[in-house]
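# Analysis of the macromolecular model
These are the residues of each chain, in order.
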Amino acid sequence: MATGDLALGQEQGALTARQRVVNDFSIIVATVNGSGSQSANSVLLKSIFGMGVPVSGKNLFPSNIAGLPTWYTIRASKDGYVARKRDSEVLVALNPETAREDMMALPPGGVAIYEENLNLKQYRSDVVSYPVPFDKITAAVCPEAKLRKLVKNMVYVGVVAQLLEIDLDVVEKGVKKQFAKKQKVFDLNFGAVKAGFDYAQTTFTKQDPFFVQAMNQTAGKIVIDGNAACGMGAVFAGATVVAWYPITPSTSLIEATTDLLKKFRVTPEGKATFAVVQAEDELAAIGMVLGAGWAGARAMTSTSGPGISLMAEFAGLGYYAEIPGVIFDVQRTGPSTGMPTRTQQADLLSVAFLSHGDTRHVVLLPGSVKECFDFGYSAFDLAERLQTPVFVLSDLDLGMNNWMSDPFNYPDKPLDRGKVLTAEDIERLGGFARYRDVDGDAIGWRTLPGTLHPKAAYFTRGSGHNETAGYTEKPDEYQAVMDRLVRKFENARTLVPAPVTVRDGASNVGFLAFGTTDFALRECLDELKQDYGKTVDYMRIRAYPFAHEIHDFVASHERVYVVEQNRDAQLASLLKLDLPTDQVAKLRSILHYNGLPIDARTITEEFATKEGL
């Protein structure tokens, strides 16, 4: 194809030549679910990462197995921003069904790389078009027709690499890593990359302003998803019992945990020292977790919103009978089945009060893959220290997408098994009362099954019980236990991860947020400073019950905007229940709940409107 046929006019070419956009744009790849694009997307993301450029990747895929549209966005940011951008400037259109819509979604001055038969140039005159005969190129490098659907994706990697000036040697390293043990597969895939690269090099004159240029901001960093990081944390914490039922988007957390257990929790003879059980449903799964926790094992399950709903009754048992266990909740949209492959932060109220009656749970709120690892570890310590179920609340965006991170730190302190009595302890004490507060921390001492002492046994009751674990329906005895549980929950404020103060003391207005909202909110702070000259304070919440620092933050500001990814302002609602009455009126909400990860511009614009900027 002649280069002249691709030009959008000398005037536009001159404009783009003057405006180099280096390491500050987003790529969106539009394909079909089940077409094998995941490997190609991973190679492209890691190639940009290999150029030393901060990068993040987000997969937007349908909940069916195959055939529907899927999109993958890769953001390169010289400033280190990793939240989703509202608009992507570079489009790779390989799905005919969505190609026109994808083309129309590009901002003016964007770039479209597409199968030439789609003729997308007809729809936009303000977008640089690079039509590529992907099918012809693929057929030339891949003799086996059944493999062409997969190899075709690697052709686009080569085209994008050439147009953005990504070092081909870096791409080659990425392909080698992707197919490390399969030389023939590597040869085929890198051949497709090289064919795409060569075609773009010999055919196109670059007319767009987007470039990837080598930096040194990823040295020593890793790329990992949150589910894998949670699994690593759990294994480091000594988890040996895993009971679960498959559900999107938490399944890969269990898969990662299982792979690590098989590698590290076996005897020299190859005997497993762990148990992974796929239960018949989520209700059975949490029952197994509590049974194992009662027996002294470190036990866990992983699920999402629908599974949380099924776990309600056993969660109440764990709270009232005071049994440790860890539940990872990788949130998705709801209600009901909702959109299983979209993200939200809409389970917060559910898990905080899961079960009937007066029930309160400890909830950890990781805001990065590093915290997924850290909290995946510390949740087990907390569960045993507090003798209660502990929830780790991630979401699909954090759990299933690729994130750049500092390496994780090897734990440097022993496991905290909490208040466990041995036979020698009981002999010295002359006995014990399971639910008696003898230390003033509202946590009773427990024994583990098999403790060889006649006074070690006790009944674990989900029915009314007194401090000696005896059955009771006496009002004062029941109330005494419930009051102690409240004191224990209050004590947990000092044990859970403290909030992170991002900025404080420079403004009379503040932000509060949790989890993945943090990425967009940090970027929003810079936008507000740059666009409006406005400085806003910000504190990120990392656990419930809320630490006292959060109360202090609200008290020190005139207005506090609570930013979260759900419709019903769940974090704000929880804060209103927790704050002194005179502080509640300070809270405002900025909400995002369409299933896409929140972006900085959305927060900036809504805040500016509410503040009259």
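This text gives an overview of the structure that appears in the document. (Residues numbered from 1 in each chain as written. Predicted model: local features only at pLDDT ≥ 70, side-chain atom pairs only at ≥ 80, totals over all residues. Heavy atoms only, no water.)

## Observations regarding the overall build of the protein chain
Selection criterion: Helix numbering and strand numbering both begin at the N terminus, where a helix is a DSSP run of H or I of at least 4 residues and a strand a DSSP run of E of at least 2. We compute the radius of gyration from the C-alpha atoms alone; for a globule the expected value is 2.2 Å times N to the 0.38, where N is the number of residues. Three labels apply to residues, based on accessible area from a 1.4 Å probe with only protein chains included: buried if under 20% of the type maximum, exposed if over 50%, partly exposed otherwise in between. For the area figures, the Shrake-Rupley method with a 1.4 Å probe applies, and any residue is considered shielded solely by the protein chains shown. The convention is simple: Lys and Arg are positive, Asp and Glu are negative, and His and the chain ends are not counted. Charge coordinates come from a single atom per side chain, which is NZ of Lys, CZ of Arg, CG of Asp or CD of Glu.
A tally of regular secondary structure across the protein chain gives 21 helices and 22 strands. Computed over C-alpha atoms, the radius of gyration of the protein chain comes to 27 Å, within 12% of the 25 Å expected from 2.2 N^0.38 for 613 residues, which places it in the range of a compact globule. Over its C-alpha atoms, taken along the principal directions, the protein chain stretches across nearly 90 × 65 × 40 Å. Here the protein chain, with 613 residues, has 56% of them falling under the buried criterion. Put simply, the protein chain shows about 25,400 Å² of open surface, and 52% of that area lies on carbon and sulfur atoms. Of the side-chain charges in the protein chain, 63 are positive and 72 negative, and the distance between the mean point of each set is 3 Å.

## Considerations on the nonpolar core
To keep things clear, this is the line we draw: In this text, buried Ala, Val, Leu, Ile, Met, Phe, Trp, Tyr and Cys residues form a nonpolar core when linked through side-chain atoms within 4.5 Å. The contact criterion used throughout is that any non-hydrogen atoms of two residues lie within 4.5 Å.
Met 300, Phe 511, Leu 512 and Leu 575 are the most contacted members of the largest nonpolar core, which totals 99 residues. Looking at this core, the element that brings in the most residues is helix H14 (residues 369–386), giving 10 residues. Discounting chain neighbours no more than four positions away, the residues touching Leu 575 are Leu 512, Ile 541, Phe 546, Ile 550, Val 562 and Leu 587. Judged by nonpolar contacts, the second largest core, of 53 residues, contains Ala 40, Ile 48, Val 155 and Ala 200.

## Let's talk about helix H10 (residues 282–295)
Under the convention used in this document: Given a helix with a known number of residues, its expected span is that number minus one, times 1.5 Å. N or O atoms within 3.5 Å of each other form a polar contact, as long as, within protein, one can give a hydrogen and the other can take it, and as long as residues adjacent in sequence are counted only when both atoms are side-chain atoms.
With 14 residues, H10 extends 20 Å from end C-alpha to end C-alpha; this agrees with the ideal 20 Å at 1.5 Å per step. Within H10, the full set of buried residues consists of Glu 282, Ala 284, Ala 285, Ile 286, Gly 287, Val 289, Leu 290, Ala 292 and Gly 293. Residues of H10 that are buried in the fold lie against strand S10 (241–244), strand S12 (299–303), helix H11 (305–310), helix H12 (312–321), strand S13 (325–331) and strand S15 (389–395). Near the N-terminus of H10, the side chain that reaches the backbone nitrogen of Leu 283, with its oxygen 3.2 Å away, is that of Asp 281. Positive phi shows up at Gly 296, right after H10, with a value of about 110°.

## Observations concerning the sheet that holds S12
Going by this rule: The rule for pairing is simple: two strands pair if DSSP sees at least two bridges between them.
With mixed pairing, seven strands are arranged side by side in an open sheet as S11-S10-S12-S13-S15-S14-S20. Strand pairing shows two members of the sheet lacking a second neighbour, strand S11 (275–278) and strand S20 (543–544), which therefore form its edges. The sheet contact formed by S10 and S11 spans four bridges and is parallel. Bridge pairing links Ala 243 to Val 277 in S11.

## Examining the packing of aromatic side chains
Here is the rule: Centres within 6.5 Å are what make two rings of Phe, Tyr or Trp a pair, Trp counting through its six-membered ring; a difference in plane orientation under 30 degrees is then read as stacked, over 60 as edge-to-face, and the rest as tilted. In this scheme, the term charge over a ring applies when either NZ of a lysine or CZ of an arginine sits within 6 Å of the ring centre and within 35 degrees of the ring normal.
The final tally for this structure, using the stated rule, is 16 aromatic pairs. Grouping aromatic residues by their ring pairs yields a cluster made of Phe 236, Phe 373, Phe 408 and Tyr 410. The ring centre of Phe 211 lies 3.8 Å from the NZ or CZ of Arg 20, which sits over that ring.

## Remarks on the pattern of salt bridges
Filter applied, for reference: Any carboxyl oxygen of Asp or Glu that lies within 4 Å of a side-chain nitrogen of Lys or Arg is treated as forming a salt bridge with it.
As enumerated under the stated definition, the model contains 39 salt bridges in all. The partner of Arg 86 in a salt bridge is Glu 605, and the shortest N-O contact between them spans 3.2 Å. Here Arg 86 is found in the loop between strand S4 (69–77) and strand S5 (90–93), whereas its partner Glu 605 is found in helix H21 (residues 600–611), with 519 residues between them in sequence. Relative accessible area serves as the criterion here: at 38%, Arg 86 is assigned to the partly exposed category. Judged by its relative accessible area of 37%, Glu 605 is partly exposed. Residues Arg 567 and Asp 568 are paired through a salt bridge, measuring 2.7 Å at the closest nitrogen-oxygen approach. Look at Arg 567 and you get exposed, because its relative accessible area is 56%.

## Regarding the side chain of Asn 41
Within the secondary structure layout, Asn 41 lies in helix H2 (residues 37–50). Dropping the residues within four chain positions of it, Asn 41 is found in contact with Val 29, Tyr 72, Ile 74 and Tyr 156.

## Structural notes on helix H8 (residues 226–236)
In terms of burial, H8 is a largely internal element, nine of the 11 residues being buried. The set of residues buried in H8 consists of Gly 226, Asn 227, Ala 228, Ala 229, Cys 230, Gly 231, Gly 233, Ala 234 and Val 235. Its buried side turned inward, H8 meets strand S9 (222–225), helix H9 (251–264), S12, S13, H14 and helix H15 (396–400). Capping the start of H8 is the job of one residue whose side-chain oxygen sits 3.1 Å from the backbone nitrogen of Asn 227: Asp 225.

## Quick look at the pairing of strand S16 (residues 402–405)
Burial of the side chains of S16 is restricted to one face: Trp 403 and Ser 405 are buried, whereas none of Asn 402 and Met 404 on the reverse face is. In terms of strand pairing, S9 meets S16 through four bridges, oriented antiparallel. For Asp 225, the partnering residue across the bridge sits in S16 and is Asn 402.

## Overview of the state of the cysteines
Test applied: The rule for a disulfide is simple: a pair of cysteine sulfur atoms within 2.5 Å.
All chains considered together, the criterion is met by zero disulfides. Here Cys 230 stays unpaired: no disulfide links it, and the sulfur of Cys 372, its closest cysteine neighbor, is 3.9 Å away. Owing to a relative accessible area of 1%, Cys 230 belongs among the buried residues under this scheme.

## Quick notes on the pairing of strand S2 (residues 24–32)
The buried count for S2 comes to seven of nine residues, which makes it a mostly enclosed element. The pairing of S2 with S4 spans nine bridges and is classified as antiparallel. The partner of Ala 30 across the bridge, within S4, is Trp 71. Sheet topology places S2 next to S5; four bridges connect them, and they run parallel. Looking across to S5, one finds that Ala 30 is bridged to Ala 93.

## Comments concerning the sheet that holds strand S21 (residues 559–564)
Definition in use: Every axis in this analysis is a line fitted to C-alpha atoms, fitted for helices over the stretch in contact. Angles between the N-to-C directions lie between 0 and 180 degrees.
Spatial ordering of the open sheet is given by S17-S19-S18-S21-S22, a layout of five strands whose pairing is mixed. Since the sheet does not close on itself, it has two edges, and those belong to strand S17 (500–503) and strand S22 (587–591), each with one partner. Each strand axis lies, on average, 25° off the axis of its neighbour in the sheet, ignoring direction. Pairing of S21 with S22, which is carried by five bridges, proceeds in the parallel orientation. Each residue of the ladder has a partner; that of Val 560, found in S22, is Leu 587.

Honestly, that's just the spatial picture; any functional story needs more than this.
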